[in-house]
Amino acid sequence: MVAAGETKLTEAYVIAGSPMPVTPCGGCRQKLAAFADGATNVTMATTGGGEQTTTVATLLPGCFTTAH
């Protein structure tokens, strides 16, 4: 993404073959904190069609950001 000149995430979609939606892993959370703002939507989904949407701020309360 950065190599292509992009520096801001506008949304994220996480999909897993599990019975319930899975939250982003630690590495992905760090990238969300670095490249998305708190209002950015994060949708977590299953291969069976279940979805849950939240925001970066809700997913990562109090996270360390570039503003620090």
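Residues numbered from 1 in each chain as written. Predicted model: local features only at pLDDT ≥ 70, side-chain atom pairs only at ≥ 80, totals over all residues. Heavy atoms only, no water.

A few points about the overall build of the protein chain
- Across its full length, the protein chain carries two helices and three strands.
- Reading the helices (α) and strands (β) of the protein chain from amino to carboxyl end gives β-α-β-β-α.
- Based on the C-alpha atoms only, the size of the protein chain along its principal axes is roughly 35 × 30 × 20 Å.
- Taking contacts inside the protein chain between residues at least 6 apart in sequence as the whole, the part at least 24 apart equals 52%.
- For the protein chain, the computed accessible surface area is about 4,500 Å², with 59% contributed by carbon and sulfur atoms. (Helix = DSSP H or I, 4+ residues; strand = E, 2+ residues; numbered from the N terminus. Contact = heavy atoms within 4.5 Å. Areas by Shrake-Rupley, 256 points an atom, 1.4 Å probe, with all protein chains shown as cover.)

Quick word on the side chain of Thr 40
- Mapped onto the fold, Thr 40 is located in the loop between helix 1 (26-35) and strand 2 (41-46).
- For Thr 40, a relative accessible area of 4% puts it in the buried group.
- Leave out the neighbours within four places in its chain, and Thr 40 touches Leu 9, Thr 10, Glu 11, Thr 54, Thr 55 and Val 56. (Buried < 20%, exposed > 50% of the residue type's maximum accessible area, 1.4 Å probe, protein only.)

What to know about the environment of Leu 59
- Of note, Leu 59 is situated in helix 2 (residues 56-59).
- We classify Leu 59 as buried; its relative accessible area is 14%.
- When the C-alpha atoms of Leu 59 and Ala 16 are compared, they prove to be 17 Å apart, with 43 residues separating the residues in sequence.
- Those residues in contact with Leu 59 that sit more than four places away from it in its chain are Thr 23, Pro 24, Arg 29, Leu 32, Val 42 and Thr 54.

Let's talk about the nonpolar core
- Grouped together as the largest cluster of nonpolar side chains are nine residues: Ala 12, Leu 32, Ala 33, Ala 36, Val 42, Met 44, Val 56, Leu 59 and Leu 60.
- Listed by contribution, the elements that provide at least two residues to this core are helix 1, strand 2 and helix 2. (Core = buried A, V, L, I, M, F, W, Y, C linked by side-chain atoms within 4.5 Å.)

Things to note about the pairing of strand 3 (residues 51-55)
- Pairing analysis gives five bridges linking strand 2 to strand 3, with the strands arranged antiparallel. Its bridge partner lying in strand 3, Thr 43 is registered against Thr 53.
- Where strand 2 folds back on strand 3, the antiparallel hairpin that results is connected by four residues, among which Gly 49 adopts a positive phi of roughly 105°. (Pairing = 2+ DSSP bridges.)

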